[in-house]
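Observations on the three-dimensional arrangement
So you can see what is in the structure, the chains are spelled out below.
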Amino acid sequence: MTMLGIIALDAADYDLAREWGCENMLLETHGKLETFAHSGENPNTLEVWTSVATGVEPPSHGLASTGEQQQWRNPVLEYASAVAPYLLPKDARVKIGTWLRGDGGAAEDGSGTDGVGMTLRQTDHSHLFEPDNRVVRWWPGVTPGKHLSETWHWLNLASRDDISDDELWRRLYGNAGLEAGWLQGMGQTDVAVAGVHMHALDAAGHAFATHPDRLREVYERVDRLLGSVREHVDELLVLSDHGMQVEWIDGDSKPGFHSWRALASTTLAADLPESVFDVRDWVDEHAADSDDRRAERQPAVMDTTEEQLRDLGYLE
Ligand SMILES: [Zn+2]
């Protein structure tokens, strides 16, 4: 009887994680994970994570990168946005602003994350989180991906000096903490599989592709968060969709663009999935059998009496 936590660690680069000895990104069993590019030259976040969840290629899961993301295929814009989110040309800022504006309005929690109404498209294809003893949050392609849009929005705000660098990183680590904390919470429940997406390393990679010290600091902090998750789940699977090209690795011709160095790592003594398309089957094979979990499930318990509810003001 085990619970498997899955962390979709966006842009975790296998070589960088090894260079900096990130022991929680590189669990007992770890290796390079084969990824793919479909609409562009390099792996695309939404396309790959949807393929991880569904096990199929973009034409089958329906989320090939088009529409609002088409703008990124302009090489100048793509380069500017990838390399220097803090230094975007004005045109690019306006376009990103428009893309992210969505339905606007203040954040529900009043945290000042205004203007992030955009939600990502979600696949109609079957996926690995559908069984009722499996849960998922913030995963691009199978959820509205709120944290992913927030990240882009905040990078854009930082690029316009609307928020400070300190404020940007408070928000990004705040979301990383929510993601890690949610998985810890699921580790206390009867779910068999819980998957969560974390975008902090991707934001850091785009921002610090020419600043090894700052990128290393983010890797180390995120690795520490993963360590706390590890204490609260039975087993862990860490995956990335791609890595990040950086200035100090020979052969990385475009720092700030996604690299092909995706990783997979797990606490299980098992062969890793070879490619992003194998993850779904791998999870089905290694996750606790759903019937086992269901057999142990108890009806919801509630000792509160009608009188107590009346006292509390919940009943007339
Ligand atoms: Zn990504």
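Below is a summary of the structure that appears in this document. (Residues numbered from 1 in each chain as written. Predicted model: local features only at pLDDT ≥ 70, side-chain atom pairs only at ≥ 80, totals over all residues. Heavy atoms only, no water.)

Quick look at the coordination of the zinc ion now. All of the protein donors around the zinc ion are D10 (OD), D10 (OD), T45 (OG1), D241 (OD) and H242 (NE2); their distances to the metal are 2.0 to 2.8 Å. The sequence motif formed by the donor residues of the zinc ion is D-x34-T-x195-D-H. Of this pair, D10 sits in the loop between β1 (4-9) and α1 (14-19) while D241 sits in the loop between β5 (235-239) and β6 (243-244), and the two are 231 residues apart along the sequence. With respect to class, D10 is no different from D241; both count as buried. (Donors = N, O, S within 2.8 Å, 3.2 Å for Na, K, Ca; no water. Helix = DSSP H or I, 4+ residues; strand = E, 2+ residues; numbered from the N terminus. Buried < 20%, exposed > 50% of the residue type's maximum accessible area, 1.4 Å probe, protein only.)

Moving on: the pairing of strand β4 (residues 193-198). The buried fraction of β4 amounts to six of the six residues, a majority that puts the element mostly inside the structure. A two-sided burial pattern is seen for β4, the buried positions comprising V193, G195 and H197 on one face and A194, V196 and M198 on the other. Pairing between β1 and β4: six bridges, direction parallel. Among the inter-strand pairings, L9 is bridged to a residue of β4, identified as M198. Both strand β3 (residues 134-137) and β4 contribute to a ladder of four bridges, which runs parallel. (Pairing = 2+ DSSP bridges.)

What follows covers unusual backbone geometry. Although it is not a glycine, A11 adopts a positive phi angle of roughly 70°. Mapped onto the elements, A11 comes out in the loop between β1 and α1.

With that out of the way, let us pick up the packing of helix α8 (residues 200-207) against helix α9 (residues 212-230). Closest axis-to-axis distance for the α8/α9 pair is 9 Å, and the angle between their directions is 175°. One finds that α8 runs roughly antiparallel with respect to α9. Taking contact as the criterion, the partners of A200, L201, A204 and G205 in α8 are, on α9, L215, V218, Y219 and V222. When grouped by side-chain class, the residues that make up the contact of α8 with α9 number seven nonpolar, one polar and no charged. (Axes fitted to C-alpha atoms, helices over the stretch in contact; angles between N-to-C directions. Parallel < 35°, antiparallel > 145°, perpendicular 65-115°, else oblique. Contact = heavy atoms within 4.5 Å. Nonpolar A, V, L, I, M, F, W, Y, C, P; charged D, E, K, R; others polar.)

Another aspect to go through is helix α10 (residues 279-286). Of all the positions in α10, only V279, R280, W282 and V283 are classed as buried. Around the axis of α10, the buried residues are gathered within 160° of arc, so they sit on the same side. Across α10 from its buried face, at more than 90 degrees, point the exposed residues D281 and E285. Elements that come into contact with the buried residues of α10 comprise β1, α2 (45-54), β3, β4, β5 and β8 (262-266). (Arc of directions from axis to C-beta.)

What follows covers the packing of helix α6 (residues 146-159) against helix α7 (residues 165-186). One way to put it is that α6 packs onto α7 with a least axis distance of 10 Å and a crossing angle of 170°. Judged on the interaxial angle alone, α7 and α6 are roughly antiparallel. Together, H147, E150, T151, W154, L155, L157 and A158 of α6 and L168, R171, L172, N175, L178 and E179 of α7 make up the contact between the two elements. Grouping the amino acids of the contact of α6 with α7 by side-chain chemistry returns seven nonpolar, three polar and three charged.

A cluster of acidic side chains, namely E34, D271, E274, D278, D281 and E285, defines a negative patch on the protein surface. With respect to the element layout, D271 can be found in the loop between β8 and α10. On the basis of relative accessibility, which here comes to 70%, the residue D271 falls in the exposed class. (Patch = residues over 30% accessible without salt bridge, like charges linked within 9 Å, V, L, I, M, F, W, Y side chains within 5 Å. Areas by Shrake-Rupley, 256 points an atom, 1.4 Å probe, with all protein chains shown as cover. Salt bridge = Lys/Arg side-chain N within 4 Å of Asp/Glu carboxyl O. Lys, Arg positive; Asp, Glu negative; His and termini not counted. Charge placed at Lys NZ, Arg CZ, Asp CG, Glu CD.)

Here the structure, examined in full by the defined rule, presents 13 salt bridges. The salt bridge partner of R18 is D15, with a shortest N-O separation of 2.9 Å. Highlighted residues: R18 and D15, both in helix α1, separated by three residues, approximately one helical turn. Between K254 and E41 there is a salt bridge; the shortest N-O distance is 3.6 Å. With K254 in the loop between β6 and β7 (258-259) and E41 in the loop between β2 (29-33) and α2, this pair connects stretches of sequence that are 213 residues apart. Take E41: its relative accessible area is 61%, and that puts it in the exposed class. The network of salt bridges with shared partners includes D13, D15, R18, D252 and R261.

These results come straight from atomic positions and should not be treated as a statement about function.
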